[in-house]
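Notes for the structure review
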Amino acid sequence: MERLIITEDGSHSLYSHLFNQQYHSLQGALTESVHIYIELGLRPVLTSATNEIRVFEMGLGTGLNALLAWKLADELKKKVHYTSVEAFPVLPEEASLLNYGSLTDTNYLSKIHQIAWGETHHFSPYFTFRKEKVLLQDFEPEHKHHVVFYDAFDPRAQPELWTEEIFTKIARYSEPEAVLVTYSSKGIVKRALAAAGFRVERHPGPGRKVHILKAIKL
Ligand SMILES: C[S@@+](CC[C@H](N)C(=O)[O-])C[C@H]1O[C@@H](n2cnc3c(N)ncnc32)[C@H](O)[C@@H]1O
């Protein structure tokens, strides 16, 4: 496949010709997703959760973050309702070439890509999944979220998705103390999140990436 990339940890990623961006860090797609979205974002919230957790993802892309969230929910036996928006979907035929199934010992990825958009699917006793084919800018969620995976392309490629206005909208649909995690620690991102009502923390990044962000809704 013309778009396929093999990253440094051996996991695949894709290249977007539309945005001239890769979907993950070249230093390791799986390493990045596990480090930022699962270990920094979801696991601490899920471990201490006494109720069901709602996760919102900006940018379903390859489905790797969703797959890992499903795996964690099943492992911890904690209920997760996962909603992801995606305006420019990866085709199921492309997704079938990604090596995430063998790397995670699951067959989840094909389900994530083959099911219908705009419907809630009960993938396991612990994981419901819904994907919406829509621009983030036009999305109105039904519920507030406890965890946000903010995984848009880089601010240089998509500056319109890293603004105070966008994060104010995300904040409106986040529960108090909700946790937003993202790979970008750029100054404009920190300032936009703070202006939108988040307390912003810097954390060590995966691989050679120095910093990533965790932001708590005030
Ligand atoms: C960095 S990639 C996401 C990677 C993904 N989370 C994964 O695990 O593979 C960014 C994604 O956002 C999508 N996207 C770009 N602009 C968007 C927008 N305005 N609204 C919704 N999705 C958008 C892209 O098509 C792409 O799939």
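Note: the structure precedes this text.
Residues numbered from 1 in each chain as written. Predicted model: local features only at pLDDT ≥ 70, side-chain atom pairs only at ≥ 80, totals over all residues. Heavy atoms only, no water.

**Brief notes about the site of the ligand**
Neighbouring the ligand are 24 residues; Gly 59, Thr 62, Glu 86, Asp 151 and Gln 158 lie closest to it. At 2.5 Å from an oxygen atom of the ligand is found a side-chain nitrogen or oxygen belonging to Thr 62. At 2.7 Å, a side-chain N or O of Asp 151 approaches a nitrogen atom of the ligand. Protein burial of the ligand: of its 600 Å² of free accessible surface, 98% is covered by the chains. Within the residue set of the shell around the ligand, elements represented by two or more residues are β4 (53-58) and α2 (64-76). Taken together, the residues of the shell around the ligand sort by class into 13 nonpolar, eight polar and three charged. (Near = heavy atom within 4 Å. Polar contact = N/O pair within 3.5 Å; in protein donor to acceptor, adjacent residues only side chain to side chain. Areas by Shrake-Rupley, 256 points an atom, 1.4 Å probe, with all protein chains shown as cover. Helix = DSSP H or I, 4+ residues; strand = E, 2+ residues; numbered from the N terminus. Nonpolar A, V, L, I, M, F, W, Y, C, P; charged D, E, K, R; others polar.)

**Quick word on the environment of Arg 43**
Mapped onto the fold, Arg 43 is located in helix α1 (residues 29-48). Taking the C-alpha atoms as reference points, Arg 43 and Trp 162, separated by 119 residues in sequence, lie 25 Å from one another. For Arg 43, the side chain forms a polar contact with the side chain of Glu 39, separated by 2.9 Å.

**As for the pairing of strand β5 (residues 80-85)**
Across the six residues that make up β5, a large majority, five, are buried. Across six bridges, β4 lies against β5 in parallel orientation. Directly across from Glu 57, in β5, lies its bridge partner Ser 84. In this region the chain leaves β4, passes through α2 and returns to the parallel neighbour β5; the handedness of that crossover is right-handed. Note: β5 against strand β7 (residues 127-132), six bridges, orientation parallel. Opposite Ser 84, over in β7, you have Lys 131 as the bridge partner. (Buried < 20%, exposed > 50% of the residue type's maximum accessible area, 1.4 Å probe, protein only. Pairing = 2+ DSSP bridges. Right-handed = clockwise from strand over helix to strand, strands pointing away.)

**Remarks on the layout of surface pockets**
Space inside the second largest pocket adds up to approximately 290 Å³. What lines the second largest pocket is a set of 15 residues, and nearest its centre among them are Thr 83, Thr 120, Arg 130, Glu 142 and His 143. Looking at the lining of the second largest pocket, the elements with two or more residues in it are β5 and β7. If you tally residues by element for the lining of the second largest pocket, the top one is β7, at four residues. Here the residues of the lining of the second largest pocket sort into four nonpolar, six polar and five charged. (1 Å grid on protein atoms, 1.4 Å probe; cavity = no way out; pocket = protein on both sides within 12 Å on 5 of 7 lines; lining within 4 Å. Points joined across faces, edges and corners; volume = space filled by probe spheres on them.)

**Looking at the sheet that holds strand β11 (residues 211-217)**
Spatially, β6-β7-β5-β4-β8-β9-β11-β10 is the arrangement adopted by the eight strands of the open sheet, whose pairing is mixed. Two strands bound the open sheet, and with one partner strand each, they are β6 (121-124) and β10 (198-204). The mean inter-strand angle of the sheet, taken between neighbouring strand axes irrespective of direction, is 20°. Packing against the sheet, α1 makes contact with β4, β5, β8 (145-150), β9 (174-182), β10 and β11, and its axis sits at approximately 155° to β9. α2 contacts β4, β5, β6, β7 and β8 of the sheet and is inclined by roughly 165° relative to β7. (Axes fitted to C-alpha atoms, helices over the stretch in contact; angles between N-to-C directions. Contact = heavy atoms within 4.5 Å.)

**Observations concerning the side chain of Thr 182**
By the element assignment, Thr 182 lies in strand β9. A distance of 2.7 Å separates a polar side-chain atom of Thr 182 from the backbone oxygen of Tyr 150. Discounting chain neighbours no more than four positions away, the residues touching Thr 182 are Ile 36, Tyr 37, Tyr 150, Trp 162, Ile 212 and Leu 213.

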